[in-house]
Amino acid sequence: RGPWVAAAPLTMAGGGPARQRVGEFKCSCCGFRCRYDYFGRSPPFASPGVRWLEDVYAIENPAQGELGRVKAICLGAPCCACGEPVCVEATCSLFYTKRFCKRCAAEAREHFPPALGKDLRKLLH
């Protein structure tokens, strides 16, 4: 078993099954591709207490010294409106209580608060 494969079977703290899939993530906006080790909110290989606010595609950090001390890296998440997977790059998606892809953020831009203006301009241009 290499560093890219999460242990199985996994269980959550309440005894229920963890949300886990291993496969390839592909951003529907920029085409970025990467293997992922986990889909959900609390990767089993993350530091204790780490829980994302959304279901994410995550990998176990393959080079903790080189890529920082974090144990889990978020690649992206499904858009809350259309469900397409998008990476966390600022030109592909925006997180504001939920993740929005570029297309869905453009369609809903009038519903975002003015404080997100800079982030929206970066995403939409």
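Scoring rules and cut-offs
- Residues numbered from 1 in each chain as written.
- Predicted model: local features only at pLDDT ≥ 70, side-chain atom pairs only at ≥ 80, totals over all residues.
- Heavy atoms only, no water.
- Buried < 20%, exposed > 50% of the residue type's maximum accessible area, 1.4 Å probe, protein only.
- Helix = DSSP H or I, 4+ residues; strand = E, 2+ residues; numbered from the N terminus.
- Arc of directions from axis to C-beta.
- Contact = heavy atoms within 4.5 Å.
- Phe/Tyr/Trp six-rings, centres within 6.5 Å; stacked < 30°, edge-to-face > 60°.
- Core = buried A, V, L, I, M, F, W, Y, C linked by side-chain atoms within 4.5 Å.
- Salt bridge = Lys/Arg side-chain N within 4 Å of Asp/Glu carboxyl O.

*Asks:* How do you make sense of helix H2 (residues 117–124) when you look at a structure like this?
*Replies:* Gly117, Leu120 and Leu123 are the residues of H2 that are buried. Buried residues of H2 fall within an arc of 130° about the axis and therefore sit on the same side. The exposed set on the far side of H2, more than 90 degrees from its buried face, consists of Lys118, Arg121 and Lys122. Where H2 is buried, its residues touch strand S7 (93–96) and helix H1 (102–107).

*Asks:* Got a minute to help me understand the environment of Pro85 in this structure?
*Replies:* Structurally, the position occupied by Pro85 is in strand S6 (residues 85–87). Pro85 sits 59 residues away from Lys26 along the chain, and the two C-alpha atoms are 6.8 Å apart. When neighbours within four sequence positions are excluded, Pro85 is seen to be in contact with Phe25, Lys26, Cys27, Ser28, Tyr57, Ala77 and Pro78.

*Asks:* Where do I start with the packing of aromatic side chains in this structure?
*Replies:* Within this structure, the stated rule accounts for six aromatic pairs. When the centroid spacing of 4.7 Å and the interplanar angle of 45° are considered together, the rings of Phe39 and Tyr57 count as tilted. A residue pair is termed long-range when its members are at least 10 positions apart, and Phe39 in strand S3 (residues 38–40) and Tyr57 in strand S4 (residues 56–60) qualify at 18 residues. A relative accessible area of 8% means that Phe39 is categorised as buried. On the basis of relative accessibility, which here comes to 10%, the residue Tyr57 falls in the buried class. Centroid distance Phe100 to Phe112: 5.0 Å. Interplanar angle 85°. Geometry classified as edge-to-face. With Phe100 in strand S8 (residues 98–101) and Phe112 in the loop between H1 and H2, this pair connects stretches of sequence that are twelve residues apart. Of the two residues, Phe100 and Phe112, neither departs from the other in class, the shared state being buried. Members of the aromatic cluster, joined through ring pairs, are Phe25, Phe32, Tyr36, Phe39 and Tyr57.

*Asks:* Explain the nonpolar core to me, please; I cannot follow it from the model alone.
*Replies:* In a soluble, globular protein the nonpolar side chains are often hidden away together inside. Among the nonpolar cores identified, the biggest contains 14 residues, and Phe25, Cys27, Tyr36, Tyr57 and Leu75 are the most heavily contacted of them. If you list the elements that add at least two residues to this core, you get strand S2 (33–36), S4 and S6. Among the nonpolar cores identified, the runner-up in size contains eight residues, and Ala108, Phe112, Leu116 and Leu123 belong to it.

*Asks:* Help me understand the pattern of salt bridges in this model?
*Replies:* Two side chains of opposite charge can pair, provided their charged atoms sit close to one another. Enumeration over the complete set of coordinates arrives at five salt bridges. In this structure, Arg41 engages Asp55 in a salt bridge whose closest nitrogen and oxygen atoms are separated by 3.3 Å. Taken together, the residues Arg41 in the loop between S3 and S4 and Asp55 in the loop between S3 and S4 connect sequence positions 14 residues apart. Here Arg41 falls in the partly exposed class, since its relative accessible area comes to 30%. For Asp55, a relative accessible area of 17% gives the class buried.

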